[in-house]
Amino acid sequence: MAVASGLSGWLHRVTDSDVWWSFKSSPMTVAAAVATLLIVAVAFLSPVLAPHTPFDPASLNLSDGLKPPVLVSPDGEWAFPLGTDDQGRDVLSSIMYGTRLSLVVSLAAVAVAMVLGISLGLISGYFGGAVDAVIMRVADVQLTFPAILVALLIDGVVRGIISVKRHDEIAIFVVVGAIGLSFWVSYARTVRGSVMVERNKEYVQAARVIGLSPLLIMVRHVLPNVTGPVLVIATLNLGLAVITEATLSFLGVGLPSTEPSLGTLIRLGNEVLQSGDWWITVFPGATLAALVLAVNLLGDWLRDALNPKLR
Amino acid sequence: MLAFILRRILQSIAVLVAVGLVSFSLFRYVGDPINAMVGQDTTMEEREQLREKLGLNDAAPIQFLRFIGNAARGNFGLSYRTSEPVGRLILERVPATLELSFCAAVFVLFVGVPMGVYTGLYPRHWSSRLLQAVSLIGISLPTFLIGILLILVFAVMLHWLPSFGRGETVRIGWWTTNFLTWSGLKALILPAITLGLFQLTLIMRLVRSEMLEVMRTDYIKFARARGLTNRAINFGHALKNTLVPVITVAGLQLGSLIAFAVVTETVFAWPGVGQLFIQSVQFSDIPVMAAYLLLIGLFFVLINLIVDLLYFAVDPRLRSQGGSARVAGH
Amino acid sequence: MKGYKMRLNFRHSLALTAVVCAGLSAATAAEAKTFKWANSGDVSSMDPYARQETFLLTFTQNIYDPLIRRDKDLKLEPALATKWGQTDPTTWFFDIRPGVKFHDGTPFTADDVVFSLNRANGPGSNMGSNFVSVKEIKKVGDQRVEVTTKYPDPLLADKWAAIVMMSKAWAEKNNAVNSADMTKNEENFATRNAMGTGPFMLKERRAGEKTILVNNPNWWDKPTHNLTEVIFTPVANPATRIAALKAGDIDMTYEVPPADTESLKKEANVKVLEGPETRVVFLGFDQERPELLESNIKGKNPFKDKKVREAIHRSIDVEAIKRTVMRGQSFPTDLMVAPGINGYTKELDKRPALLKPEEARKMIIDAGYPEGFETGMDCPNDRYVNDEKICQAVVAMLAKIGVKVNLRAQTRNLYFAKILRKADLSPGETSFYMLGWSPAQTYDVHNVFESLIQTPNKATKKGQFNAGGYSNPALDKLADAMEQETDKAKRDAMIKDATKLYVDDFAYVPLHQQAVVWAARKNIDLVQLADNTFPLRFVTVK
């Protein structure tokens, strides 16, 4: 989202009317943009907007537990419009706080993966040779390790090296690092593949002949050509990052369940899917689906609009 | 070409050794298997003796060398969890995972590529937009949730398909197959869809975006000007040109299908290597984890090798220009 | 073999097993009955001595018989021994049932008994703790085995109800004289194969995938079940297990999560069985270190103060935990042993009244912590029913009385390695933790005293699992004395005194017994036992 809005600001200055026109002419994109903005805004304003503070254990009361949503059952209370879970946590507030946490984690993880993956992919594809071989074999090794194991490793090493009093404080870095590390390979491989094709094209060779530095050639000429595939992966990864985080929390190396993210809420909800307390699963699930859907639709549009070949 | 393959095989061995070494240095962070290996009343002293006997107190490199030494002789040791030979445990599970991944890959390619071509050819059509939106469901919810929802609908509510397991299998030598019985085939459907759904979205979107780009190129415009049929243009020219990135990603995704099978297999109690791996992590079953990672490493190395070879086959530019220098570069 | 099945619809499997079993048991099987059931984990081995854990023991007892078994009320009854007892305080005898045959047709003899007991006490076996008191096991005539003990051991027969009998000839022939030695890289035959005298015979074993048993038509006892084939499959994901039961793909599942109990009760074709388990889940404190590992309080340990422990004990609302977190599936208790265990003292099982948060906060302030204090808490997330959620609820309850708890919930292998005491019995790394315990070996409270409550002592090996290092010399003395006391009245009085000591000290915070919840299709009749064992001999399919 930050990427999307940052990029669209940049777009206004560079290519304004064209892009704006394509944006306005697609009602689905407008709807996706509105939904994304809404979810992001509500999530980041959760300390102001949320009726409860679900991350503060002192505010929880088991006697408030398992209340149904107010509109579907007379047992519901207006204090908990979407009901509560078995810890007495307000589902609405949990979703707001959880979404914020999930957004921060996914954005950070995708950023880590993109920076790492694109740089390594460019270097690998452009220089080829031994550099390429080393980077790609490292990528092979990386792919062998599921995110779960990477997370366990980072978690263990971090705890071994730094003596941290509270595990919670490092949990978020562990998750971001683990997801980022397990995603970079797709960027690197994709970028490398395109660069290998691109670098033999006349315009790149021409640039080389007139003595431009390799770094400049890559950033100026090669990078724009890989924006399309990279954006496809990045938008997909944003949603996947939230989902991976849920899977990690399932294995005890995710974010602590005392401060649940959206993914953790869904993982917890999965356990009570057949219990009849549907609100614990359905609302976080719907929020995640809406968020991922909106971001991806926006990404689709952005990719088509950004691609010079399509204009 | 031969030099290239030899080189890659040598590199692959280096990769596998690296995988092994990294695995062993991280195993001690996964947990202590001893407490799960003994009953509640076993004294601390007895637990420590067992730990010592198993060599768990040795440094990671020593444990690694011991493992490699045995593995080179085809001996992966005994599982801490089941006391059975690791090699056989894994071999018994490989067919289940490969058949599941294969079905998922078929599903992804035969549904995802046509969907991508269609939405790429008619980007403004309402049905393309609908397909695109629907395909996003695959990446909007965690796999475990999608799997359970499919089970609830197709097994519990409709009673059409089994809720878990492989159904009846037929044994051919050491291989067990789902493909020869009706119940085995039925059992494959839900897990294959669950496993493939995410990759389906990715492949479809990738093909679409590549098609969109290719369709705007002069090359296609010329083809149109020459009066070629739409069919020839779309499939003969356009699709062929989208293949390089698609092959890269598809190859990668096939590999990650096997790695991703971990979650799907857990949800569907599918007796494959992914499920075995998760059970081993929960148990800190080091011999099984090490062997699994080596196996997955082998798969990825093979897949990457094939992908690179396909590159040469598909994109003539990679062959004609700077031929031997590039080959040496790999 | 080919064409074996893991999941079949019911009619289909009836037809198939009818074919398979037609030749097997013409006498009993008027109709073939297949029973398919699931559990979260697999049986770890077919070797009955591989691990002293309930599930392995209960599973292998379908194939192997013990000398003495437990009936539906957990009382001892004759199995392969027709008679047993003590001829003097240190000598036990077991009379062997005549005419019993192993699955391979060979007769069961006193030699097999001596062999089995020695194997269970030998290398690779995890059953050794049942033999601590044993001096010698010897055959006296063809029908009698005599055991001498180093000191009077009144509980020997209770312990040995878990030890099943193997065939000496079979083990010797297949090189399985000892249990699998994990340090050798070779497979043990008994890990994957089993051959006993029990009601079922092992037909196929695929670890982690499925295990198939078939009826033993020549069993020495009159079968109370009507099964011809049993298919066991591990299904790790609870949601899948519940769905499979609803869909009829399995007939029974063990370990139903509390959240699914209510919805299953509403299913037309499913019934739910629930009862208390003998395991008590409790919280423990580090009362040993002069300063807590993870706390803002330096130079002293708040948990050493009985007033602090009392304030915490009386602020944890176990009934609220039962209502929401456990959804009614727990039995709150204030003792470290459950009813049904010998030595449970009902009149002492009274939880002191809950304190209001401000009252408890005042107790903490009066104890010298005006700002409250901070502590770490360790909790498993895959060991006990809803373990992590219980800990979370505790964190919320203590937050209200000024105790800030930093919860760390992790998988059991990391968890136990962190909190348990080391080999030299030096303390593990925890300040506040959750543990569950059941004296399932002896069904006697003494096991709880010596493992959890006595002062950790390397020489006497007591207090192995007393992770927090609670220590009360008076209690230590009583526990030692009750171990060898054979006069029941005197022993009961000692138990009562010792129980009162730890209750008054607020040594632990007992929470509850978990409920054992099983669910089965309506056409299955089975018996639910309080120790969470599941003998297939009590199952009938209608």
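J.: How would you sum up the overall build of chain C? Please name residues and give values.
T.: The helix and strand tally for chain C stands at 16 helices and 19 strands. Dimensions of chain C, computed from C-alpha atoms along their principal axes, come out at roughly 80 × 55 × 45 Å. Within chain C, the proportion of its 542 residues that are buried is 56%. Pairs at least 24 residues apart make up 69% of the contacts formed inside chain C by residues separated by at least 6 positions.

J.: Help me get a handle on the overall build of chain B, residues and values and all.
T.: Within chain B, the secondary structure is distributed over 16 helices and 2 strands. Put simply, chain B has 330 residues, and 53% of those count as buried. Here the contacts in chain B between residues at least 6 apart in sequence split such that 70% fall between residues at least 24 apart.

J.: Hey, could you go over the domain arrangement of chain C for me, with residue numbers and the actual values?
T.: Residues and elements named next belong to chain C. One can read the domain layout of chain C as domain 1 (7-251 + 523-541) and domain 2 (276-515). Each of domain 1 and domain 2 has a C-alpha centre, and these two points are 34 Å apart. With 13 residues of domain 1 at the interface, the matching set in domain 2 holds 11 residues. Across the side of domain 1 that touches domain 2, the residue classes break down as 7 nonpolar, 3 polar and 3 charged.

J.: Run through helix H15 (residues 473-484) of chain C, naming residues and quoting values.
T.: All names here are of chain C. What H15 keeps buried is the set Leu475, Asp476, Leu478, Ala479, Met482 and Glu483. The buried residues of H15 occupy an angular sector of 165° when the element is viewed end-on, so they sit on one face. Exposed side chains of H15 directed beyond 90 degrees from the buried face belong to Pro473 and Ala474. Packing partners of the buried residues in H15 comprise helix H14 (446-453) and helix H16 (488-504).

J.: Please give an account of helix H9 (residues 306-313) of chain C that cites residues and values.
T.: Inspection of H9(C) places C:Val308, C:Arg309, C:Ala311, C:Ile312 and C:His313 among the buried residues, and these make up the whole buried set. Those residues of H9(C) that are buried lie in contact with strand E12 (270-285), helix H11 (357-366), helix H12 (387-399), strand E15 (403-410) and strand E17 (508-521) of chain C.

J.: I'd love a proper account of the confidence of the model for chain C, names of residues and values included.
T.: Reading fine detail from the predicted coordinates is not recommended where pLDDT is low. Residues and elements named next belong to chain C. Averaged over every residue, the pLDDT of chain C is 88; the share at 70 or more is 94%. Taken element by element, chain C is modelled with least confidence in helix H1 (residues 10-22), mean pLDDT 40, and with most confidence in H9, mean pLDDT 96. Note on residues 1-29: pLDDT is under 50 here. Beyond four places in sequence and across chains, it has 43 contacts.

J.: Account for unusual backbone geometry, naming residues and giving values.
T.: A positive phi angle is found at C:Asn386, which is not glycine, with a value near 55°. If you trace the backbone, C:Asn386 turns up in the loop between strand E14 (373-380) and H12.

J.: Outline the sheet that holds strand E7 (residues 144-149) of chain C, listing residues and values.
T.: All names here are of chain C. Spatially, E4-E5-E7-E6 is the arrangement adopted by the 4 strands of the open sheet, whose pairing is antiparallel. Lying at the two open borders of the sheet, with one neighbouring strand each, are strand E4 (81-88) and strand E6 (134-139). Going from strand to strand, the sheet's axes swing by 20° on average, the running direction of each strand aside. Sheet analysis places strand E5 (residues 91-96) next to E7, joined by 5 bridges and oriented antiparallel. Its bridge partner being in E7, Phe93 is matched across the sheet by Glu146. Lying over the sheet, helix H3 (residues 110-120) contacts E5, E6 and E7, oriented at roughly 155° with respect to E6.

J.: Would you mind going over the interface of chain C and chain B in detail, with residue names and values included?
T.: Contact with chain C, which involves 52 residues of that partner, is made by 56 residues of chain B. Elements that contribute at least two residues to the side of chain C that touches chain B include exactly helix H6 (189-192), helix H7 (238-247) and helix H13 (412-419) of chain C. Ranked by residues supplied to the side of chain C that touches chain B, first place goes to H7(C) with 6 residues.

J.: Describe the environment of A:Gly76, listing the residues and the values that go with them.
T.: Residues and elements named next belong to chain A. Structurally, the position occupied by Gly76 is in the loop between helix H3 (46-49) and helix H4 (91-127). Through-space distance from the C-alpha of Gly76 to that of Leu223 is 54 Å; in sequence the pair is 147 residues apart. The contacts of Gly76, once residues within four sequence positions are left out, are Lys67, Pro68, Pro69, Val70 and Gly83.

J.: Mind laying out the environment of A:Ile95, listing which residues take part and the relevant values?
T.: All names here are of chain A. Mapping Ile95 onto the fold places it in helix H4. A residue is classified by how many C-beta atoms lie within 10 Å of it, and Ile95, with 26 of them, is buried. Residues Ile95 and Pro54, 41 residues apart in the sequence, show an inter-C-alpha distance of 9.5 Å. Aside from chain neighbours lying at most four places away, what touches Ile95 is Leu262, Leu265, Phe283, Pro284 and Thr287.

Rules behind the numbers
Residues numbered from 1 in each chain as written. Chains lettered and ligands numbered in written order. Predicted model: local features only at pLDDT ≥ 70, side-chain atom pairs only at ≥ 80, totals over all residues. Helix = DSSP H or I, 4+ residues; strand = E, 2+ residues; numbered from the N terminus. Buried ≥ 20, exposed ≤ 12 C-beta atoms within 10 Å, placed from the backbone. Contact = placed C-beta atoms within 7 Å. Domains from an automatic or database assignment. Nonpolar A, V, L, I, M, F, W, Y, C, P; charged D, E, K, R; others polar. Arc of directions from axis to C-beta. pLDDT = per-residue confidence, 0-100. Pairing = 2+ DSSP bridges. Axes fitted to C-alpha atoms, helices over the stretch in contact; angles between N-to-C directions.

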